[in-house]
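Remarks on the overall topology
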Amino acid sequence: DAKTTQPNSMESNEEEPVHLPCNHSTISGTDYIHWYRQLPSQGPEYVIHGLTSNVNNRMASLAIAEDRKSSTLILHRATLRDAAVYYCILRGFKTIFGAGTRLFVKA
Amino acid sequence: DAGVTQSPTHLIKTRGQQVTLRCSPISGHKSVSWYQQVLGQGPQFIFQYYEKEERGRGNFPDRFSARQFPNYSSELNVNALLLGDSALYLCASSLRTDGPTNTEAFFGQGTRLTVV
């Protein structure tokens, strides 16, 4: 099963951009890259996903490397409500979560 | 519109007992997946069902079983509970099967199971 690697934690200042990296060197050609985030005592929440091209939505942007072995979730202006654990996931025939990155946002 | 609903929200069981957890997907969603999340870790995939058939299984013992009903709701059963089964059990629904997919999964709030 393809796995993802993320930093354990990151810190950002409020109103500044945040770049959350993810490595997935064993990704297969059919795996979609999904990002979810989880607030305390809640289920994971969908953020964004993509296959090959960079993607933008109202929550974030997703930058995918040309070889697809890494990706970066970009939060353009972090707010206190963005403090959560962010999971980079490969959605293939199994959905495998890693440990995620805990994002701390300072006021 | 109602999201994914799970019941009960909290549950306390004794070692050796059996437990059934329930999940109602978003209306129109035909795929349901189950995950176990131990405190401090990411969710671990248990089962995926699509159109009432099992389409994927994670590395869990046979004490774990599940099924999907004609209305696409699902139950997760765990027999002979162990202390290590204490966790948050999450259900997720999506429009289609959990194969290489362009569709997002929507998660419920989970059932917190404590085994004593």
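Structure: see above.
What you see is a predicted model, and the numbers here were worked out from it, not measured in a lab. (Residues numbered from 1 in each chain as written. Chains lettered and ligands numbered in written order. Predicted model: local features only at pLDDT ≥ 70, side-chain atom pairs only at ≥ 80, totals over all residues. Heavy atoms only, no water.)

**Regarding the interface of chain B and chain A**
How large an interface is tends to be reported as the accessible area lost when its parts come together. Across the contact, 22 residues belong to chain B and 19 residues belong to chain A. Counting every contact that joins chain B to chain A gives 0 salt bridges. Elements with a minimum of two residues in the side of chain B that touches chain A: strand S4 (31-37), strand S5 (44-50) and strand S9 (87-94) of chain B. Looking at the side of chain B that touches chain A, the element that brings in the most residues is S9(B), giving 3 residues. Residue composition of the side of chain B that touches chain A, by class: 8 nonpolar, 11 polar and 3 charged. (Contact = heavy atoms within 4.5 Å. Salt bridge = Lys/Arg side-chain N within 4 Å of Asp/Glu carboxyl O. Helix = DSSP H or I, 4+ residues; strand = E, 2+ residues; numbered from the N terminus. Nonpolar A, V, L, I, M, F, W, Y, C, P; charged D, E, K, R; others polar.)

**What about unusual backbone geometry?**
All names here are of chain B. Residue Pro8 is reached from Ser7 by a cis peptide bond, and omega for that bond is -10°. Tracing the backbone through its elements, the reader meets Pro8 in the loop between strand S1 (5-7) and strand S2 (10-13). Even without glycine at this site, Lys52 takes up a positive phi of about 70°. By the secondary structure assignment, Lys52 is in the loop between S5 and strand S6 (53-57). Overall, Lys52 belongs to the partly exposed group, its relative accessible area being 36%. The backbone phi angle of Tyr72 is positive, close to 75°, even though this residue is not glycine. Within the element layout of this structure, Tyr72 appears in the loop between strand S7 (64-68) and strand S8 (74-78). (Buried < 20%, exposed > 50% of the residue type's maximum accessible area, 1.4 Å probe, protein only.)

**Considering the sheet that holds strand S5 (residues 55-56) of chain A**
In a beta sheet, neighbouring strands pair by backbone hydrogen bonds and run either parallel or antiparallel. Residue and element names in this part refer to chain A. Taken in spatial order, the 4 strands make up an open sheet running S2-S7-S6-S5, and their pairing is antiparallel. Each edge of the sheet is formed by a strand with only one pairing partner; in this case those strands are strand S2 (18-23) and S5. Note: strand S6 (residues 61-64) against strand S7 (residues 70-75), 4 bridges, orientation antiparallel. Along S7, the bridge assignment pairs Ser61 with Ile74. (Pairing = 2+ DSSP bridges.)

Treat this as a map of the structure, not an account of what it does.
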